[in-house]
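# Notes for the structure review
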Amino acid sequence: MKRLRRLHTNLMTTQRARLRRTRARLLRLQKRKAAPVLPDQPYLATRDERFQIGDLCVLLEAYLPAPEVADVYRAYLFGAQAHEGQRRRSGEPYIFHPLEVARILAAMHLDSRSIIAAILHDVIEDTPTAKEQVAADFGKDVAELVDGVSKIGQIEFKTKEEEQAENFRKMLLAMSQDIRVILIKLADRLHNMRTLGALPPERRRDIAHETLDIYAPIANRLGMHQWSHELEDLGFANLYPLRYRVLAEATRKRHGNRKTLVEKVRGAILNQLKQEGLAAEVSGREKNLYSIYKKMRQKSLTFEQVYDVYAFRIIVDKVDTCYRMLGIIHNLYKPIPGRFKDYIAIPKANGYQSLHTVVFGPFGVSIEVQIRTEDMHRVAQAGVAAHWLYKSGDHGAQVHKRALRWLKDLLEIQQQAGNPNEFLEHLKVDLFPDEVYVFTPNGDIRKLPRGATVVDFAYDVHTDVGNRCSGAKINHELVPLRTALRNGDHVEIITSKRGRPNPMWLDYVVTGKARAHIRSYLKNLQRGESVRLGERLLNKALQEAGMELSGVDEARRGSLLRTLKIRSWDDLLADIGLGNRLAAVVARQLLPATADIRTTGEKQPGLAISGTEGVVVTFARCCRPIPGDPILGFLSAGRGIVVHTEDCPNVVKYRKHPEQWIDVRWESRIDSVFPVNLRVEVKNQRGVLAMAAAAIAEMDANVDAVSIEERDSFNASIDFTVEVRDRAHLAKIIRRIRSQEAVIRINRMKG
């Protein structure tokens with residue numbers, strides 16, 4: 001105890017001396033008029049508060065000139081007086097929070113204006129201080145930063161979600177002018193998450209949920225992985241405290257077992273480097289708990305099945321050495337196919353660069369290895385803040401430019417959004433964790449979120465390209481617009497003067513930019529224009545069938561409106577003009593022969609196709625689609641809508657007419673059966689046909705047709721047409737037949 005008291009006394013003495021020196025320097029500057037004048041009657045700070053500002057000033061003196069440190073001290077006095085009497089939920093003076101936010105930013109070596117704004121970031125929102133007063137005392141730039149971080153408090157919102165969305169829109173506008181706004185906001189959120197324990201459980205969960213949904217992904221999107229990981233773990237701990245404790249304890253227990261593995265791998269790498277005459281920094285790191293938790297959830301793994309909890313980071317001197325190091329690692333441990341990523345040649349959207357590979361390590365454990373240069377490592381840790389933290393080199397500046405481009409895209413999205421909630425939805429969509437890399441016809445690389453479609457690509461190229469998109473080619477082959485892109489695809493967009501966004505695109509686009517522009521276009525299409533457009537489209541579709549719209553009598557029009565449950569003829573035309581209904585389909589319903597090809601009041605089995613009520617739907621015999629198959633529809637003269645599987649061989653001939661494709665989808669509940677062709681190759685022995693038929697019957701399926709062909713005296717081929725409910729039912733039948741001893745192979749036949 002005596003030793004602890006002595007250490008405490010020494011620490012207090014050091015802190016007091018440090019504070020006295022800082023205050024003396026500031027006073028000397030004041031006398032020389034080298035810095036703004038300090039108040040005549042300074043704020044009477046508490047002892048702990050004095051230690052805080054003293055530590056902050058010492059931290060700032062390491063990289064800022066004395067006059068700027070004096071400005072920061074003056075901002076502290078201003079903020080402390082403004083917040084005087086206010087306390088946090090923990091009971092400590094409120095000024096502690098702004099000072100800690102400033103310390104977080106000072107560790108990133110942000111400029112003095114950012115530090116001042118951090119200290120004052122709550123004075124406009126939580127005190128009577130006006131923005132004009134901040135601008136008069138500390139400059140317009142500081143006032144704009146503080147205002148950008150402040151929430152909107154003068155407007156009453158109907159819901160909490162609307163308020164949250166509007167606050168994000170306001171912050172985005174400020175971010176687009178000065179990216180330091182989001183750095184201050186992230187530091188503010190980081191300290192709030194560190195001190196969340198003083199709030200009630202329900203409030204903690206709400207803030208944690210918002211952090212995991214918005215703030216942690218933004219930090220990751222800006223390349224600030226240290227902040228991102230801490231925000232994730234703190235959010236995880238407060239949103240799912242029990243799961244966090246269990247996972248933390250399991251990781252702690254396994255740490256001892258893993259220590260031997262980590263040292264073994266690290267030693268092997270260092271030994272190999274020594275033999276090659278290379279120098280590098282090698283470290284083993286443990287993945288953050290939230291990353292482990294997400295992997296367990298996404299892949300349905302137990303904790304014991306997550307092997308790559310640890311990863312190794314190798315930092316070298318230059319880019320060439322990175323690739324040499326990759327060869328050394330792959331010689332040392334066998335690489336796992338398909339798990340190598342070159343983010344040096346093609347950096348991530350947030351500027352991150354590194355080589356990633358996963359190898360089979362000792363004891364059969366998979367190990368992730370990251371290889372990067374020192375500059376890349378700095379950017380990976382600090383992200384956009386590297387622009388301030390590391391002045392040498394252009395890596396930080398490049399990341400800063402990428403961030404500004406991303407903010408520009410977000411600003412475009414928010415301008416197109418119809419309301420705050422819609423913008424927040426687009427923002428969450430746009431904070432994607434993974435990318436695919438595709439090529440334009442000119443060979444330029446485009447980065448899009450995983451799962452992005454051709455339409456997303458079109459809007460990424462340019463808004464007009466997206467709005468006029470009518471078709472696309474991937475690797476020189478025509479494909480449906482909803483086709484998902486894969487790494488390395490060469491994508492070419494086919495545009496048309498008559499092309500325009502279709503509401504059905506909203507079912508499969510994944511980027512916020514595409515979704516916002518599609519919705520904006522459809523909303524801005526005036527009703528009168530949409531009615532006129534719908535009338536032209538419907539008349540053209542009827543003319544192709546040898547009829548004019550003027551020739552459709554009122555009785556037939558009224559009958560169709562009642563069938564479709566639409567109030568007026570103009571509403572139907574507006575639906576066609578807006579793309580909610582297909583002109584060709586409505587035309588078929590108006591033709592005199594339509595009544596003869598409709599079903600007798602029965603619903604078409606298993607399809608949900610917008611605007612096709614009463615129209616005949618044909619299932620292609622060439623591929624026999626069943627529920628669960630990816631499908632597309634084709635408008636065919638005399639046959640209505642013909643439904644094919646997307647991989648049907650006969651679809652190729654339809655690709656020359658993309659305007660006749662229709663996006664169709666299966667209903668969630670289907671009470672019908674569908675024929676499927678199966679070919680079963682068996683050993684030619686007695687009773688084999690009965691055995692296969694019995695296996696099908698056991699799976700509650702009916703055989704429509706069967707034929708058998710002897711290949712030779714040893715083998716035979718049996719073709720079944722079987723009625724199934726969906727793909728899951730078919731899979732059970734195939735597994736049951738395959739389990740028979742006499743069965744050699746079984747295939748579903750198409751074409």
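Everything here concerns the structure above.
For the structure given in this document, a descriptive report is provided here. (Residues numbered from 1 in each chain as written. Predicted model: local features only at pLDDT ≥ 70, side-chain atom pairs only at ≥ 80, totals over all residues. Heavy atoms only, no water.)

### Some details on the sheet that holds strand S9 (residues 477-479)
Operational definition: By definition, two strands form a pair when at least two bridges between them are found by DSSP. For helices the rule is a DSSP run of H or I covering at least 4 residues; for strands it is a run of E covering at least 2, with both sets numbered from the N terminus onward. A fitted line through C-alpha atoms represents every axis, and for helices the fit uses only the stretch in contact; the resulting angles, taken between N-to-C directions, go from 0 to 180 degrees. When checking whether two residues touch, look at their non-hydrogen atoms; a contact exists if any pair is within 4.5 Å.
A sheet is described by the order of its strands in space; here three strands give the open sequence S9-S8-S10, paired in antiparallel fashion. The outermost strands of the open sheet, each flanked by one partner alone, are S9 and strand S10 (491-495). Pairs of neighbouring strands in the sheet enclose a mean axial angle of 35°, with direction left out of account. The pairing of strand S8 (residues 469-474) with S9 spans three bridges and is antiparallel. Residue pairing across strands places Ala-472 opposite Val-479, the latter belonging to S9. Sheet contacts for helix H20 (residues 454-461): S8, S9 and S10; angle to S10, the most-contacted strand, approximately 80°.

### Here's the deal with the sheet that holds strand S19 (residues 715-724)
Read from one edge to the other, the open sheet built from four strands follows the order S18-S19-S17-S20, with strand pairing classed as antiparallel. The two strands at the open ends of the sheet, each matched to only one other strand, are strand S18 (702-710) and strand S20 (743-748). Each strand axis lies, on average, 20° off the axis of its neighbour in the sheet, ignoring direction. In this fold helix H29 (residues 688-698) packs onto strand S17 (674-683), S18, S19 and S20, with an angle of close to 25° to the strand it touches most, S19. In the packing of helix H30 (residues 727-738) onto the sheet, the strands contacted are S17, S19 and S20, and the crossing angle to S20 comes to about 165°.

### Focus: a nonpolar patch on the surface
Where we set the bar: A patch consists of residues whose relative accessible area exceeds 30% and which take part in no salt bridge; residues with like charges are grouped when within 9 Å of each other, and nonpolar side chains (Val, Leu, Ile, Met, Phe, Trp, Tyr) when within 5 Å. Every accessible area reported is derived by Shrake-Rupley at a probe size of 1.4 Å, with residue values counting cover from the shown protein chains alone. Throughout this description, the term salt bridge denotes a Lys or Arg side-chain nitrogen within 4 Å of a carboxyl oxygen of Asp or Glu.
Taken together, the side chains of Leu-689, Val-706 and Ile-708 define a hydrophobic patch exposed on the protein surface, amounting to about 240 Å² of accessible area. Here Leu-689 is to be found in helix H29.

### Brief notes about the environment of Ile-744
Definition in use: Classification of residues uses two cut-offs on accessible area relative to the type maximum, computed with a 1.4 Å probe and protein chains only: under 20% is buried, over 50% is exposed, and between them is partly exposed.
Here Ile-744 lies in strand S20. Residue classification places Ile-744 among the partly exposed residues on the basis of a relative accessible area of 40%. In sequence terms Ile-744 and Glu-681 are 63 residues apart; their C-alpha atoms lie 5.5 Å from each other. In this structure Ile-744 touches Glu-681, Val-682, Lys-683 and Asn-715, once residues within four positions along its chain are discounted.

### Focus on the pattern of salt bridges
Inspection of the entire model under this criterion finds 19 salt bridges. One salt-bridge network, held together by shared partners, links Lys-131, Glu-144 and Asp-147.

### Points about the packing of aromatic side chains
Just so we agree on the cut-off: Classification of ring pairs uses Phe, Tyr and Trp, with its six-membered ring standing for Trp, and accepts pairs whose centres are within 6.5 Å; under 30 degrees between planes counts as stacked, over 60 as edge-to-face, and the remaining range as tilted. Criterion for a charge above a ring: Lys NZ or Arg CZ within 6 Å of the ring centre, and within 35 degrees of the ring normal.
Overall, the coordinates contain ten aromatic pairs when judged by the stated rule. Between Phe-78 and Phe-138, the aromatic rings sit 5.3 Å apart at their centres with planes inclined by 85°, giving edge-to-face as the arrangement. Residue Phe-78 is located in helix H3 (residues 66-82), and its partner Phe-138 is located in helix H7 (residues 131-138); the two are separated by 60 residues in the primary sequence. The buried category is assigned to Phe-78, whose relative accessible area is 13%. The structure contains a cluster of three or more aromatic residues connected by ring pairs, namely Phe-236, Tyr-240, Tyr-244, Tyr-290 and Tyr-293. Sitting above the plane of the Tyr-240 ring, Arg-243 keeps its charged end 4.2 Å from the centroid. Lying over the aromatic face of Trp-569, Arg-557 brings its terminal NZ or CZ to 4.5 Å of the ring centre.

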